[in-house]
Amino acid sequence: MEVNQILETIRMVEEENLDIRTITMGISLLDCMDEDIDRSCEKIYRKIITKAANLVAVGEAIELEYGIPIINKRISVTPIGIVAAASKADAKDCVKFAKVLDKAAKKVGVNFIGGYSALVEKGFTAGDLALIESIPEALAQTDFVCSSVNIGSTKAGINMDAVKLMGEVIKETAAKSDMGCAKLVVFANAVEDNPFMAGAFHGVGEADCVINVGVSGPGVVKRALEKVKGESFDIVAETVKKTAFKITRMGQMVGKIASERLKIPFGIVDLSLAPTPAVGDSVAQILEEMGLESVGTHGTTAALALLNDAVKKGGVMACNHVGGLSGAFIPVSEDAGMIQAAEQGYLNIEKLEAMTAICSVGLDMIAIPGDTPASTIAAMIADEAAIGVVNHKTTAVRVIPANQLKVGDTIEFGGLLGSAPVMKVNSARSDVFIQRGGRIPAPIHSFKN
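Residues numbered from 1 in each chain as written. Predicted model: local features only at pLDDT ≥ 70, side-chain atom pairs only at ≥ 80, totals over all residues. Heavy atoms only, no water.

## Let's talk about the overall build of the protein
In terms of helices and strands, the protein carries 15 helices and 13 strands. Relative to the globule expectation of 22 Å for 449 residues, the C-alpha radius of gyration of the protein, 21 Å, shows essentially globular dimensions. Taking the principal axes of its C-alpha atoms as reference, the protein extends roughly 60 × 55 × 50 Å. The buried share of the protein, taken over its 449 residues, is 59%. Once local pairs closer than 6 in sequence are excluded, the contacts in the protein between residues at least 24 apart make up 78%. Surface summary for the protein: the accessible area is close to 17700 Å², and the carbon and sulfur share equals 52%. Charged side chains in the protein number 44 positive and 54 negative. The centres of these two groups are separated by 3 Å. (Helix = DSSP H or I, 4+ residues; strand = E, 2+ residues; numbered from the N terminus. Rg over C-alpha atoms; globule rule 2.2 N^0.38 Å. Buried < 20%, exposed > 50% of the residue type's maximum accessible area, 1.4 Å probe, protein only. Contact = heavy atoms within 4.5 Å. Areas by Shrake-Rupley, 256 points an atom, 1.4 Å probe, with all protein chains shown as cover. Lys, Arg positive; Asp, Glu negative; His and termini not counted. Charge placed at Lys NZ, Arg CZ, Asp CG, Glu CD.)

## Some remarks on helix H14 (residues 374-390)
Given 3.6 residues per turn, any residue in an α-helix points the same way as the ones three and four places further on. With 17 residues, H14 extends 24 Å between its outermost C-alpha atoms, agreeing within 8% with the 24 Å of an ideal straight helix rising 1.5 Å per residue. Taken from the residues just after H14, His 392 is the one with a positive phi, measuring 55°. (Expected span 1.5 Å × (residues − 1).)

## Some remarks on unusual backbone geometry
The omega angle of the peptide bond from Met 197 to Ala 198 is 20°, so this bond is cis rather than trans. Along the chain, Ala 198 falls in the loop between strand S6 (184-188) and strand S7 (209-216). Of note in this structure, Lys 88 is not a glycine but carries a positive phi near 50°.

## Structural notes on the environment of Ile 113
On the secondary structure map, Ile 113 appears in strand S3 (residues 113-119). Between the C-alpha atoms of Ile 113 and Val 77, which are 36 residues apart in sequence, the distance is 7.6 Å. Each residue touching Ile 113, except ones within four places of it in the same chain, is listed here: Ile 48, Ile 75, Val 77, Leu 101, Ala 105, Phe 144, Val 145, Cys 146 and Met 197.

## Focus: the pairing of strand S4 (residues 145-153)
By the criterion of burial, S4 is predominantly enclosed, with nine of the nine residues buried. Across six bridges, the pairing between S3 and S4 is parallel. In the strand pairing of S4, Ala 118 is matched with Val 149. Considered for its hand, the β-α-β crossover made up of S3, helix H6 (residues 126-140) and S4 is right-handed. Inspection of the sheet shows S4 paired to S6 by five bridges, in the parallel sense. Along S6, the bridge assignment pairs Gly 152 with Ala 188. With two bridges joining them, S4 and strand S5 (residues 157-159) adopt antiparallel strand pairing. Each residue of the ladder has a partner; that of Ser 153, found in S5, is Gly 157. (Pairing = 2+ DSSP bridges. Right-handed = clockwise from strand over helix to strand, strands pointing away.)

## Regarding the environment of Gln 404
Examined against the element boundaries, Gln 404 turns out to sit in the loop between strand S10 (395-402) and strand S11 (410-412). Put simply, Gln 404 and Asp 371 are 33 residues apart on the chain and 7.9 Å apart in space, counted from C-alpha to C-alpha.

## Section: helix H5 (residues 91-108)
The end-to-end C-alpha distance of H5, which contains 18 residues, comes to 27 Å, matching closely the 26 Å that a straight helix rising 1.5 Å per residue would cover. Listed as buried for H5 are Ala 91, Cys 94, Val 95, Phe 97, Ala 98, Val 100, Leu 101, Asp 102, Ala 104, Ala 105 and Val 108. You can read the cap of H5 off the contacts: a side-chain oxygen lies 3.2 Å from the backbone nitrogen of Lys 92, and it is on Asp 90. Two residues or fewer after H5 comes Gly 109, characterised by a positive phi angle close to 85°. (Polar contact = N/O pair within 3.5 Å; in protein donor to acceptor, adjacent residues only side chain to side chain.)

## A look at the packing of helix H8 (residues 218-226) against helix H9 (residues 233-262)
Relative to each other, H8 and H9 sit at 145°, their axes nearing to 10 Å. At the point where H8 passes H9, the crossing takes the right-handed sense. Residues Val 220, Val 221, Ala 224 and Leu 225 of H8 touch H9, and the partners they reach there are Val 236, Thr 239, Val 240, Thr 243 and Ile 247. By residue class, the composition of the contact of H8 with H9 is seven nonpolar, two polar and no charged. (Axes fitted to C-alpha atoms, helices over the stretch in contact; angles between N-to-C directions. Left-handed = near helix turned anticlockwise from the far one by under 90°. Nonpolar A, V, L, I, M, F, W, Y, C, P; charged D, E, K, R; others polar.)

## Here we look at the pattern of salt bridges
Counted by the stated rule, this structure contains 23 salt bridges. With its nearest N and O atoms 3.0 Å apart, the salt bridge here joins Asp 31 to Lys 47. Linking Asp 31 in the loop between strand S1 (19-27) and helix H2 (37-51) with Lys 47 in helix H2, this pair joins segments that are 16 residues apart in sequence. The class for Asp 31 is partly exposed, based on a relative accessible area of 49%. Each of Lys 222, Arg 223, Glu 226, Lys 229 and Glu 289 takes part in one network of salt bridges that share partners. (Salt bridge = Lys/Arg side-chain N within 4 Å of Asp/Glu carboxyl O.)

## As for the packing of H6 against helix H7 (residues 160-176)
Running from N to C, H6 and H7 cross one another at 20°; their axes reach a closest spacing of 8 Å. The orientation of H6 relative to H7 falls into the category roughly parallel. Seen from above, H6 lies across H7 with right-handed handedness. Each of Leu 129, Ile 132, Ile 135, Pro 136, Glu 137, Leu 139 and Ala 140 in H6 lies in contact with H7, whose residues at this interface are Leu 165, Met 166, Val 169, Glu 172, Thr 173 and Lys 176. Taken together, the residues of the contact of H6 with H7 break down into nine nonpolar, one polar and three charged. (Parallel < 35°, antiparallel > 145°, perpendicular 65-115°, else oblique.)

Here is the structure:
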């Protein structure tokens, strides 16, 4: 690298909050399946602590050696709904799997472990149903376990029985633990190589063990756009693309170094711009830098479309193996600009839903009143799933019913999860719609064979 490139990277890290958001080790548990649940749990524990024994140490060594912050070291595993099926586990048994994942995560020192998951876009197995029923208790009894359920896909349509069930599960999870819903996400078109929590799991089509990297750099993009004030959108798009290229190159370098040192294959770089509550590390402020008075006003969706597309174009130029979600995240509680816009009334759930047709994920880290009916939460999930299924993209819902709080109150999560104002939910009921059950068929354009 030339001297000016090295200095530029140092400046990005020190002044613009550039970091590697996560190094995530994906571990297959297919060879840990067993008819005896206790034997299965023992195999899972042994495999995780063996494969990930040096993950945290290697991450910290790379940080020190190259001066690049690596905020999280994480693990994702095969969806436990699949593993549970072999053991004929019921909901109570499934909690054993959650506890052993938590124990392994603590042993190796990672921040989170994802994969307490079920893939039910077309229907349920007994293991899937047991796992979903166990989620509230599992998240209440563990510290580092993250859970996800995929309820729809472009190829399969939307499993409305699963949608109804997840509305109820989210309500019960909120009742059992303050942080449980922050570790639970409901997907449509979930990807198998996502390194970000809470939705990470290690897909059955993946290798036995891989290293995936999630980069971040909203502050870097904002600072770059500050230098092109008043320029046309052609210049804005080009600036974002070039910046994303630099960010992704750094992510690829870190991933390959970690892969070599851990002797585990390198998987993908996820290009997602993931904000934090820190000042200057906001996706919302990137959109405002394009000329919006506040995120949420008219023009927000167009600005987000430009940002998302330019990030993908720049990242794909920088790395052959791009995957995960790869775009801009808009989690309300984790983005200082989003929090401010919501508090000032410029940003509401309806506008966020429109933005999810463009961005990487969906309704993410949104606090809603604790008395919101389960059927309303299920209907929110159905709406997001429809956007994803029809548009061939990943969408998700991670909402937090804030018990005993009302619209305008603030709920504190702490750390990278930040805080969120409780947002107004449409008061008209969706009960009869959700009670229908069955499946919403796949869209006609899903049939491409």
